[in-house]
Amino acid sequence: MEHGRGSVEMLVSAPWAGRRVLITGHTGFKGSWLSLWLHAMGARVSGYALAPPTRPSLFAAANLGDLIDHTEGDVRDADALLAAVQRAAPDVIFHLAAQPLVRQSYADPVETYATNVMGTVHLLEAARNVPGVKAIVCVTSDKCYENREWVWPYRESDPMGGHDPYSSSKGCAELVASAWRKSFFADGPLLATVRAGNVIGGGDWAADRLIPDLIRAFEAGDAPLIRAPDAVRPWQHVLEALGGYLMIAERLIAGERVFADAWNFGPADDDARAVSWIVARLRAAWGGNAAAAMADTGPRPHEAGLLRLDCAKARAALGWQPVLTLDQALAWIVAWHKAVGSGGDARAVTQRQIADYAARFAAGISRAA
C-alpha cells in the first residue's frame, strides 16, 4: 500500500459531486455529521434510519431532512431496508445504524444484537442484491476487541470479543462483515470495517455518554455525575473518524481491493485520557460557573477500564493522522454548543467546523507527505 498525497486530494477535493451515497443511521450524531460533510462535497445523499434518537438532535437542529433523501426505517426490517437500498441505487454505503450504548445493551440485549448483528446482515444482503454498489464502509467500534485491560493498543489483527452485550455485538458485526467479504463479495462490492475511539463533538445529546452529560449539566448549572473517573478511553473529535471513513471509501470506489479490510481510526497516543481528565478540561473550557463533578454512587454494570487503538496501519497505508489535539476537540465542542445555544444556526456552525477541519487536514498531511 502506498502513502502519498493522493490521499489528501481524495479527502479534501475528491469527486464526490453527484456520487450516490446511502447512509444508514443518518439521523444519529455521527450520521448527521457525515451527511452534512458529504452534502457539502456535492454528493447525492440518501439516508435510512429510525427517527432521531434524541431530542434535541443534530439531524433536526440542522434541518438535515431538507438536504438529503430521508427515509425512516429500521435495519431489523430486511424487506424495508432492501427497498431503501434499491431506491437509493448507491455507489457507496456507509453503515452506521446501531444501538450504540453499553448501558442500554444491558437493559435490552436482544434489541442490541438484533440491530447491531442482524441489522448488519440485512444491510450486506441488500447490498449483495442491488447492482451498482461499489463500496461499503461498515462502522463498528473500538470495543469490538477482546479487551484484556492491557496497556498495549489493539491492532486490527487482534481477536474480537466483548464483555458486555454492546461490545460483543460489535465483535459479531465484524465477523459478519468478514464472512460476507470472503463468501459473497469476491467479485462484488469492496467492504471495509472501521473502528473508531470514543467519538465526541458538538450536537451529541445522547444519554449515558460523558460529553453530552457534562454539557447538559453545565448548561443547567448542575453538578455532573461521573461513573468511572479512572477509566481511560481513546477520545477523538467526530471529524477525525469520519475523515478516515471517507478516505477508505475513496480507495474502495477506486477498486483498490487491498483496502477492503479492517481499520482503526483513533487519536494520538497521548489523547487516550482518563474520564477525570476530560471532566476537568471540559469544565475549564466551558468557563463561567460550571459546577464541579460528583461521583455517581449508583449501580454500575461492567465497562472497560483501559482501551487504546493502534492506528499505525491507517497512518502508513492511507496517510491518515489526527488533526486536532484533545484540548482542541474539547474547545470545538464548547464553541459549537455555545454558538448554537445562543441562537446560532446549527447547520452553519457544523459546516464551518467541517470546512476548518478539512483545511487543517490538508495542510497537515501535505507537510508530512
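Going by the structure above, here's the rest.
All values derive from a computational prediction rather than experimental measurement.

## A look at the nonpolar core
Counting 63 residues, the largest nonpolar core has Trp16, Leu38, Phe94, Tyr245 and Trp263 as its most contacted members. Ranked by the residues each element gives to this core, the list is headed by helix α9 (residues 238–253), at eleven residues. The next biggest cluster of nonpolar side chains, apart from the first, holds 24 residues, and it includes Leu81, Val130, Cys138 and Val176.

## Describing the pattern of salt bridges
Evaluated as defined, the whole model comprises 13 salt bridges. The salt bridge partner of Glu174 is Arg195, with a shortest N-O separation of 2.7 Å. Of the two residues, Glu174 sits in helix α7 (residues 165–183) while Arg195 sits in strand β6 (residues 190–196), which places them 21 residues apart along the sequence. Overall, Arg195 belongs to the buried group, its relative accessible area being 3%. Arg216 is the salt-bridge partner of Asp213, the closest N and O atoms lying 2.6 Å from each other. Of the two residues, Asp213 and Arg216 both sit in helix α8 (residues 210–220), three residues apart, roughly one turn of that helix. By relative accessible area, which is 31% here, Arg216 ends up partly exposed. Residues joined in a network through salt bridges with shared partners are Arg20, Asp91 and Lys134.

## Thoughts on α7
For α7, which comprises 19 residues, the first-to-last C-alpha distance of 26 Å matches the rise-based estimate of 27 Å (1.5 Å per residue) to within 8%. The element α7 is extensively covered by neighbouring structure, given that 14 of its 19 residues are classed as buried. A side-chain oxygen of the first residue of α7 lies 3.1 Å from the backbone nitrogen of Tyr166; this N-cap is Asp164.

## Description of unusual backbone geometry
A cis amide bond links Arg55 with the next residue in sequence, Pro56, at an omega value of 0°. Despite not being glycine, Asn63 shows a phi value in the positive range, around 50°. Within the fold, Asn63 resides in the loop between α3 (58–61) and β3 (69–72). The phi dihedral of Ala89 falls on the positive side, at around 45°, and the residue is not glycine. Summarising the element assignment, Ala89 is placed in the loop between α4 (78–88) and β4 (92–95). The partly exposed category is assigned to Ala89, whose relative accessible area is 29%.

Conventions and cut-offs
Counting restarts for each chain: residues are numbered from 1 in the order of the written sequence. Since the coordinates come from a predicted model, pLDDT governs what is reported: local features require at least 70, and pairs of side-chain atoms require 80 or more to be given and counted, while whole-chain, interface and lining totals use all residues. Hydrogens and water are ignored here; the side-chain numbers use all heavy atoms of the structure. For the purposes of this section, nonpolar cores are sets of buried Ala, Val, Leu, Ile, Met, Phe, Trp, Tyr and Cys residues that join through side-chain atoms within 4.5 Å. Exposed residues in this analysis have more than 50% of their type's maximum accessible area, buried residues have under 20%, and partly exposed residues fall in between, with area computed by a 1.4 Å probe over protein chains only. Secondary structure is summarised from DSSP: a helix means a run of H or I of at least four residues, a strand means a run of E of at least two, and numbering begins at the N terminus for each. Any Lys or Arg side-chain nitrogen located within 4 Å of an Asp or Glu carboxyl oxygen qualifies as a salt bridge. Any helix carries an expected span of 1.5 Å times its number of residues minus one. Think of a polar contact as two N or O atoms within 3.5 Å of one another; within protein, one of them needs to be a possible hydrogen donor and the other a possible acceptor, and neighboring residues in sequence only count if both atoms come from side chains.

Just geometry here; none of it tells us what the structure is for.
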